[in-house]
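# A look at the structure
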Amino acid sequence: MTHTSVNASRDASGDDRTLRGSLGTGSIVLMVVAAAAPLTVISGLVPLGISGGNGAGFPMTFAVTTGVLLLFAVGFTAMSRYIPGTGAFYLYIGHGLGRGAGVGSAMLALVSYSTVQLAVYGYLGPAMSSLITSYGGPEVPWWIFSLASLALVAVLGFRHIELSGKVLGILLIAEVGIVVVLDAFIIADGGPEGPSTAMFSPSEIFSGSPGVALVFALAGYIGFESTAIFRDEAKDPARTIPRATYAALILIGGFYALSSWAVVTAWGDKGAVDIAGTDPDGMLITTATDFAGTVTAHLIQILLVSSLFAAVLSLHNVLARYIFVLSNTGVLPGAGGRTHRVHGSPHIASVVQSCCALVLLGACIVIGLDPVTQIFAWFAGVATVGIVALMLLTCLAVLVFFHRTKVDQRFWHTKLAPSLGLVGLIGFAIAIAGNLPLLLGGNILAVVMTGVLVLAFVGGFLYARRRKQVSFELPS
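Residues numbered from 1 in each chain as written. Predicted model: local features only at pLDDT ≥ 70, side-chain atom pairs only at ≥ 80, totals over all residues. Heavy atoms only, no water.

### Topic: the overall build of the protein
Looking only at helices and strands, the protein features 17 helices and 0 strands. By the burial criterion, 58% of the 476 residues in the protein qualify as buried. Restricting the contact set of the protein to residue pairs at least 6 apart, pairs at least 24 apart contribute 81%. Here the protein has roughly 17,900 Å² of accessible surface; of this, 69% comes from carbon and sulfur atoms. (Helix = DSSP H or I, 4+ residues; strand = E, 2+ residues; numbered from the N terminus. Buried < 20%, exposed > 50% of the residue type's maximum accessible area, 1.4 Å probe, protein only. Contact = heavy atoms within 4.5 Å. Areas by Shrake-Rupley, 256 points an atom, 1.4 Å probe, with all protein chains shown as cover.)

Here it is, written out as structure tokens:
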């Protein structure tokens, strides 16, 4: 729905139920890339991918992942021309595979995005605590900072989306900029062995545990597809959403591949594996200190916190809009589908999302889970499984939709690219399934966590089949 038709969409009580905004491609890309937390990926996931994955060949994993996801995006954006609304994955799945699969996917998406948001809150608290103590401040429990961040996110999420966009834009430019500066210093120096060529060597790429490397790489792309969620708040959805999707993928993938390669070059192929295994948390800071000086290292430490905050704010906006759309289609209570008369934001959905995040985080605090090794590692891994499952279903839905409707006969956009993307995603799913017990510390926990995702999908599927009044604009 366009910006000009907002006033026509009101319910019987006069409440506006249409999101409003004039976001351009740049603003949407900033919010989507911010959700990926690029500095956090380079600081946290890259060392883990190098040490536990395929060593110095890890940068190529990002290139491969980007290629498969670009193939996925071809069909995804082609179908977006014929699917109105802001439902992202589940709306596409519903139009391709039916109402039950659509609502089931919506529930799966809510669980997946909620778990990754919880994971980031778990990392954010200790990062802030460590930053303060490193400058001589008092030792404060990590959860104090996580809860304070949640409160600030709740305030920003309640207000107009463009305010969040401005905050995310500033934080994102700062975090990406500082890593690009570090990359430039490393490239100019050349490292102890010269520029690394391991990422171009098949023996290096397939060394170690490529499946584990793939899991860590995929985790860095969570949220890229959420461009479609901001459809009603975009200036020109038909142009803005496809452009934002491709731009987000290329920027994320290029940044990850370049920066991870630079980190490997800084230490040399064997040296990078050694330090990633012995000091993964401090690898990037040590690299920055050695190549760009202590000021750059301090800035990276500060911006790591802002990167995590940008991620939870962006994920909050995504989840609030999921709740908003589901409330307006009868899946969730209708009150969540109202928009604020001044801010034009899904304010009730935003409050609901904040409360859900508070409950989940509070439960983890009470139970006494470790914020990094358990909250962050466990829930980020589970979220990766859920998002890959959603992408796989979406790819299948694209193929079925165009085969059934014949509304678009372009071979590359509707058949070949989605088929290749589907094959790649199936490979990803197999690799993740085989390594999930290793990442979660055992088969039992892996089964339990995966079971939650399955129950979410099956519950939504059965709910849609039993309640025909759910107005999802989907085939029955």
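What follows continues from the structure just given.
### Thoughts on empty space enclosed by the protein
On inspection of all chains with the given rule, the structure shows 3 cavities of 30 Å³ or more. Computed from the structure, the largest cavity encloses a volume of approximately 60 Å³. Lining the largest cavity, in full, are Leu69, Leu218, Tyr221, Ile222, Phe224, Glu225, Thr384, Ile387, Val388 and Met391. In terms of residue count, helix H15 (residues 371-405) provides more of the lining of the largest cavity than any other element does, 4 residues in total. In terms of residue class, the lining of the largest cavity is made up of 8 nonpolar, 1 polar and 1 charged. (1 Å grid on protein atoms, 1.4 Å probe; cavity = no way out; pocket = protein on both sides within 12 Å on 5 of 7 lines; lining within 4 Å. Points joined across faces, edges and corners; volume = space filled by probe spheres on them. Nonpolar A, V, L, I, M, F, W, Y, C, P; charged D, E, K, R; others polar.)

### Things to note about the layout of surface pockets
One way to see where empty space is left: roll a probe the size of a water molecule over the atoms. Within this model, the largest pocket holds a volume of roughly 700 Å³. In terms of lining residues, the largest pocket is bounded by 33 residues, among which Leu45, Leu48, Phe216, Phe376 and Ala377 are the most central. Those elements that place two or more of their residues in the lining of the largest pocket are helix H1 (25-36), helix H2 (38-54), helix H5 (99-134), helix H9 (210-219), helix H13 (294-328), H15 and helix H16 (411-440). For the lining of the largest pocket, the element with the most residues is H15, which contributes 8 residues.

### Side note on the nonpolar core
Taken as a class, soluble globular proteins show a tendency for nonpolar side chains to be buried jointly. Phe62, Tyr113, Phe224, Tyr256, Tyr322, Phe379 and Met391 are the most contacted members of the largest nonpolar core, which totals 147 residues. The contact partners of Phe224, leaving out residues within four places of it in the chain, are Val32, Leu69, Phe72, Thr245, Leu249, Ile252 and Met391. (Core = buried A, V, L, I, M, F, W, Y, C linked by side-chain atoms within 4.5 Å.)

### With respect to the packing of aromatic side chains
Considering all chains together, one arrives at 14 aromatic pairs under this definition. Residues Phe72 and Phe89 carry aromatic rings whose centres are separated by 5.8 Å and whose planes lie at 80° to one another, so their mutual orientation is edge-to-face. Here Phe89 lies in helix H4 (residues 88-97) and Phe72 lies in helix H3 (residues 58-80), a separation of 17 residues in the sequence. You can call Phe89 buried: its relative accessible area is 0%. The interplanar angle of 70° and the centroid separation of 5.9 Å between the aromatic rings of Phe76 and Phe89 together place this pair among those described as edge-to-face. Here Phe89 lies in helix H4 and Phe76 lies in helix H3, a separation of 13 residues in the sequence. Taking the relative accessible area as the measure of exposure, Phe76 reaches 1% and is therefore buried. The rings of Phe58, Phe62, Tyr221, Phe255 and Tyr256 are connected pair by pair, giving a single aromatic cluster. (Phe/Tyr/Trp six-rings, centres within 6.5 Å; stacked < 30°, edge-to-face > 60°.)

### A few points about the confidence of the model for the protein
Per-residue pLDDT for the protein has a mean of 85; in total, 87% of the residues score no lower than 70. Every residue in residues 1-15 is under pLDDT 50, and counting partners more than four places away or in other chains gives 20 contacts. (pLDDT = per-residue confidence, 0-100.)

### Re helix H10 (residues 237-267)
Taking 1.5 Å as the rise per residue, H10 with 31 residues should run 45 Å; its terminal C-alpha atoms sit 45 Å apart, in good agreement. Phi turns positive one or two residues past the end of H10, at Gly268, with a value near 85°. (Expected span 1.5 Å × (residues − 1).)

### Things to note about the state of the cysteines
What we call a disulfide is simply a covalent bond connecting the sulfur atoms of a pair of cysteines. This model, assessed by the stated rule, comprises 0 disulfides. Cysteine Cys355 shares no disulfide, and the gap to the nearest cysteine sulfur, in Cys356, comes to 7.0 Å. (Disulfide = S-S within 2.5 Å.)

### A word on the pattern of salt bridges
The full count for this structure, using the stated rule, is 2 salt bridges. For Asp274, the salt bridge is made with Lys270, and the minimal N-O distance between the two is 3.0 Å. Linking Asp274 with Lys270, this pair stays in helix H11 (residues 269-278), spanning 4 residues, or about one helical turn. Under the relative-accessibility criterion, Asp274 is labelled partly exposed at 38%. For Lys270, a relative accessible area of 59% puts it in the exposed group. (Salt bridge = Lys/Arg side-chain N within 4 Å of Asp/Glu carboxyl O.)

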